[in-house]
Amino acid sequence: ELPPSEFMQVADSTWLVLSVVSNGREPPGCQATGVTKIARSVIAPLAEHHVSVLMLSTYQTDFILVRERDLPVVIHTLAGEFDIYKEESGECVPVTCDDVSNGFLKSKPPASPTLHPVQSPQTRFCVLTVAPDTLPAIATMLIDVLFYSHSPPWDAAAGSQDLDSITFFSFSLIEGYISIVMDAETQKRFPSDLLLTSSTGELWRMVRIGGQPLGFDECGIVAQIAEPLAAADISAYYISTFNFDHALVPEEGIAEVIQLLQQRQESGR
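Residues numbered from 1 in each chain as written. Predicted model: local features only at pLDDT ≥ 70, side-chain atom pairs only at ≥ 80, totals over all residues. Heavy atoms only, no water.

J.: Give me the lowdown on the overall build of the protein chain, citing residues and values where you can.
T.: The helix and strand tally for the protein chain stands at six helices and twelve strands. Within the span of the protein chain, comprising 269 residues, buried residues form 40% of the whole. (Helix = DSSP H or I, 4+ residues; strand = E, 2+ residues; numbered from the N terminus. Buried < 20%, exposed > 50% of the residue type's maximum accessible area, 1.4 Å probe, protein only.)

J.: Account for unusual backbone geometry, naming residues and giving values.
T.: When glycine is set aside, most residues are seen to have a negative phi, and most peptide bonds are trans. For S89, which is not a glycine, the phi torsion comes out positive at approximately 55°. By secondary structure assignment, the location of S89 is in the loop between strand 4 (85-88) and strand 5 (91-94). What makes S89 exposed here is its relative accessible area of 81%. Although it is not a glycine, D233 sits at a positive phi angle of roughly 60°. Tracing the chain through its elements places D233 in the loop between helix 5 (221-231) and strand 11 (237-240). Using a relative accessible area of 39% as the deciding quantity, one classes D233 as partly exposed.

J.: An account of the packing of aromatic side chains is requested, with residue identities and associated values reported.
T.: Counted according to the given criterion, the structure contains two aromatic pairs. Look at F125 and F168: their rings are 6.1 Å apart centre to centre, the planes differ by 90°, and that puts the pair in the edge-to-face class. Within this pair, whereas F125 is found in strand 7 (residues 124-128), its partner F168 is found in the loop between helix 3 (135-147) and strand 8 (170-174), the two being separated by 43 residues in sequence. The pair F125 / F168 is uniform in exposure class, with both members buried. Above the plane of the ring of F244 lies R208, whose end atom (NZ or CZ) is 4.1 Å from the centre. (Phe/Tyr/Trp six-rings, centres within 6.5 Å; stacked < 30°, edge-to-face > 60°. Lys NZ or Arg CZ within 6 Å of the ring centre and 35° of its normal.)

J.: Got a sec to walk through the nonpolar core? Specific residues and values, please.
T.: Formed by 34 residues in total, the largest nonpolar core has its most connected members in I43, I64 and Y238. Within the residue set of this core, elements represented by two or more residues are helix 1 (39-48), strand 2 (53-57), strand 3 (62-67), helix 2 (71-78), strand 10 (204-209), helix 5, strand 12 (245-250) and helix 6 (254-268). At seven residues, the largest contribution of residues to this core is made by helix 5. Leave out the neighbours within four places in its chain, and Y238 touches V35, M55, L56, S57, I209, I221, V222, I225, D245, H246 and A247. Counting residues in hydrophobic clusters, the runner-up holds 14 residues, among them V145, I178, M182 and L194. (Core = buried A, V, L, I, M, F, W, Y, C linked by side-chain atoms within 4.5 Å. Contact = heavy atoms within 4.5 Å.)

J.: Residue-level account of the pairing of strand 2, with values.
T.: Judged by how many residues are buried, strand 2 sits mostly within the fold: four of five residues are covered. Direction of pairing for strand 2 relative to strand 3: antiparallel, over a ladder of five bridges. Within the sheet, the bridge partner assigned to L56 lies in strand 3 and is F63. The antiparallel pairing of strand 2 with strand 3 creates a hairpin that spans four residues between the two strands. (Pairing = 2+ DSSP bridges.)

J.: Let's hear about the pattern of salt bridges: which residues, and what values?
T.: Enumeration according to the criterion identifies five salt bridges in this entry. Residues E88 and K86 are paired through a salt bridge, measuring 3.1 Å at the closest nitrogen-oxygen approach. A relative accessible area of 37% places E88 in the partly exposed class. Since its relative accessible area comes to 42%, K86 is described here as partly exposed. The shortest N-O distance in the salt bridge between D144 and R189 comes to 2.6 Å. Pair noted here: D144 is in helix 3 and R189 is in the loop between helix 4 (184-187) and strand 10, with a separation of 45 residues, a long-range link. Assessed through its relative accessible area of 27%, D144 is described here as partly exposed. Look at R189 and you get partly exposed, because its relative accessible area is 37%. (Salt bridge = Lys/Arg side-chain N within 4 Å of Asp/Glu carboxyl O.)

Okay, here's the thing in structure tokens:
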């Protein structure tokens, strides 16, 4: 419904959403949440089969977006580990890969580790949700923050932002559930009694992946972050965007995360 515009870029791929639902078979003591929780079972296998993914963590759960043309590869890759369903008229229907044949079963060389540069600004972030019935009370403020506050100049070069302090605000509305990521200073502008967070009220630090816009044809970008963090049992909240990827980790663990990612980069050279 959006009118064409010279100011709007649209990627040429159509994407489908995968929602990963636990069935209680996780090993005891598995504490990692977010993208690291599904790193070994979903993200790493898709990267090994050269499937590019977009990752979207929300306050409630995590979603993986895959290109529609890659769906046969995705189904075959994950069918051994997961029961796979598709939505048809609001109902979940089992999916099989018996009739899928696009040549993807041929062996492929192992994917090389993706080693994009990572940067960590000093900004502290909050991961929040809002009850839908209270959204009108903060709607005007949301619009101001989303579209008018801290807007970079249109002619600013990509990646020119000072990463000592990064401007980042994410709002998602999925099936009625609202998820918001904002920096701690921006949070002070909102009524505290309407923003809901975990009982511990933790703050998060960001790792931004990519020195220049990443595009959508490369695979393994999410795995670059998710695999080492999963091995260290560190939770991460991951958001892919049109230009860069962003992983949020608990503030107290940022030093360990940077060390892990630096070691991975050094070992991959």
